[in-house]
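Single-letter residue listing:
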Amino acid sequence: KGQKAIQAIADLYYKQKKFKQAINLYQQLNRKHPRKRIYLLRLLRLHRRFKRFRKASIMLRRYNNVVAPKNDFDLKMEELHLYIASKAWKAPRLLRKLKALFTKPKQVLRILYAEAKLYRQQKKSKLAIKTYSKLLQNHPSEANALYERGRLYLKSKNYKSDFYFFFPNPAYTNKIVFSI
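Caption draft 1: Representation of the overall build of the protein chain within the structure. Across its full length, the protein chain holds ten helices and zero strands. Residues counted as buried form 38% of the 180 residues belonging to the protein chain. Taking as baseline every contact in the protein chain between residues at least 6 positions apart, the subset at least 24 positions apart corresponds to 42%. As displayed, the protein chain has an accessible area near 12,000 Å², and 54% of this comes from carbon and sulfur atoms.

Below is the structure:
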């Protein structure tokens, strides 16, 4: 009972973005139950958020040794986000590995968002735009990807007169009426 109450409070702090309090409670829970996957993942995310990359990498190693199955998608994504945030050279290699391992649509969506984030960080706008376009081909209802792609496109100041850039689906162009 005590564990569930502490976890509920820690989750509440996490959702309310009171991260320091959440870290303390998750660490307390992690000491009592070192094999619980959710505590390790939450601590890993929180340390990454506060740019405590050394602590995050320790959590990642502990998670790898204690809990993780060989191809745990959440673990691999956290590892990728840690490498991206810490600007580690390992990020592109892990990204290629993830693309080969995971093929479910929701997994591919998360991988493509991470890839675009990596390209944005490396100031490779054209590759980020290309990644967002690829993401939109597979998931046309992703408004965030459309927004980010448009933002990058405008930021690059390479204004195209290409109408299809913003409306890749021909179904949209048939319904648009231009008035003078």
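Caption draft 2: Geometry of the packing of aromatic side chains. For the coordinates displayed, the defined rule picks out six aromatic pairs. Ring geometry for Phe19 and Phe50: centres 6.2 Å apart, planes at 80 degrees, overall edge-to-face. A residue pair is termed long-range when its members are at least 10 positions apart, and Phe19 in helix H2 (residues 19–32) and Phe50 in the loop between helix H3 (37–49) and helix H4 (53–66) qualify at 31 residues. Relative to Tyr39, the ring of Tyr26 has its centre 6.4 Å away and its plane inclined at 40 degrees; by these criteria the two rings are tilted. Remark: Tyr39 occurs in helix H3 and Tyr26 occurs in helix H2; sequence separation between them is 13 residues. When its relative accessible area of 0% is taken as the criterion, Tyr39 is described as buried. In this structure an aromatic cluster arises from ring pairing among Tyr14, Phe19, Tyr26, Tyr39 and Phe50. Here the basic side chain of Arg42 rests over the ring of Tyr14, its NZ or CZ set 4.2 Å away from the ring centre.

Caption draft 3: Layout of a positive patch on the surface. Judged by side-chain charge, Lys51, Lys87, Lys117, Arg120, Lys123 and Lys155 come together as a positively charged surface patch. Within the secondary structure, Lys87 sits in the loop between helix H5 (73–85) and helix H6 (91–101).

Caption draft 4: Inspection of the nonpolar core at higher detail. Within the largest apolar cluster, 21 residues are counted, with the highest numbers of intra-cluster contacts made by Tyr14, Tyr26 and Leu46. Of all the elements in the fold, those that place two or more residues in this core are helix H1 (2–15), H2, H3, H4 and H5. Excluding residues that lie within four positions of it along the chain, Tyr14 makes contacts with Phe19, Ala22, Tyr26, Arg42, Arg45 and Leu46.

Caption draft 5: Structural detail: the confidence of the model for the protein chain. Here the protein chain shows a mean pLDDT of 81. Residues at 70 or above account for 84%. Confidence, read as mean pLDDT per element, is least for helix H10 (residues 170–173) in the protein chain (49) and greatest for helix H7 (residues 105–121) (91). This model gives residues 172–180 a pLDDT under 50, and the stretch forms seven contacts once residues within four places in sequence are excluded.

Caption draft 6: Broad picture of H1. Here H1 contains 14 residues, and its C-alpha end-to-end distance of 20 Å stays within 8% of the 20 Å for a straight helix at 1.5 Å per residue. Taken together, the buried positions of H1 are occupied by Ile6, Gln7, Ala10, Asp11 and Tyr14. The buried residues of H1 occupy one face: seen down the axis, they fall within an arc of 135 degrees. In this structure, the buried residues of H1 make contact with H2 and H3. Backbone geometry just after H1 places Lys17 at a positive phi near 65 degrees.

About the cut-offs
Residues numbered from 1 in each chain as written. Predicted model: local features only at pLDDT ≥ 70, side-chain atom pairs only at ≥ 80, totals over all residues. Heavy atoms only, no water. Helix = DSSP H or I, 4+ residues; strand = E, 2+ residues; numbered from the N terminus. Buried < 20%, exposed > 50% of the residue type's maximum accessible area, 1.4 Å probe, protein only. Contact = heavy atoms within 4.5 Å. Areas by Shrake-Rupley, 256 points an atom, 1.4 Å probe, with all protein chains shown as cover. Phe/Tyr/Trp six-rings, centres within 6.5 Å; stacked < 30°, edge-to-face > 60°. Lys NZ or Arg CZ within 6 Å of the ring centre and 35° of its normal. Patch = residues over 30% accessible without salt bridge, like charges linked within 9 Å, V, L, I, M, F, W, Y side chains within 5 Å. Salt bridge = Lys/Arg side-chain N within 4 Å of Asp/Glu carboxyl O. Lys, Arg positive; Asp, Glu negative; His and termini not counted. Charge placed at Lys NZ, Arg CZ, Asp CG, Glu CD. Core = buried A, V, L, I, M, F, W, Y, C linked by side-chain atoms within 4.5 Å. pLDDT = per-residue confidence, 0-100. Expected span 1.5 Å × (residues − 1). Arc of directions from axis to C-beta.

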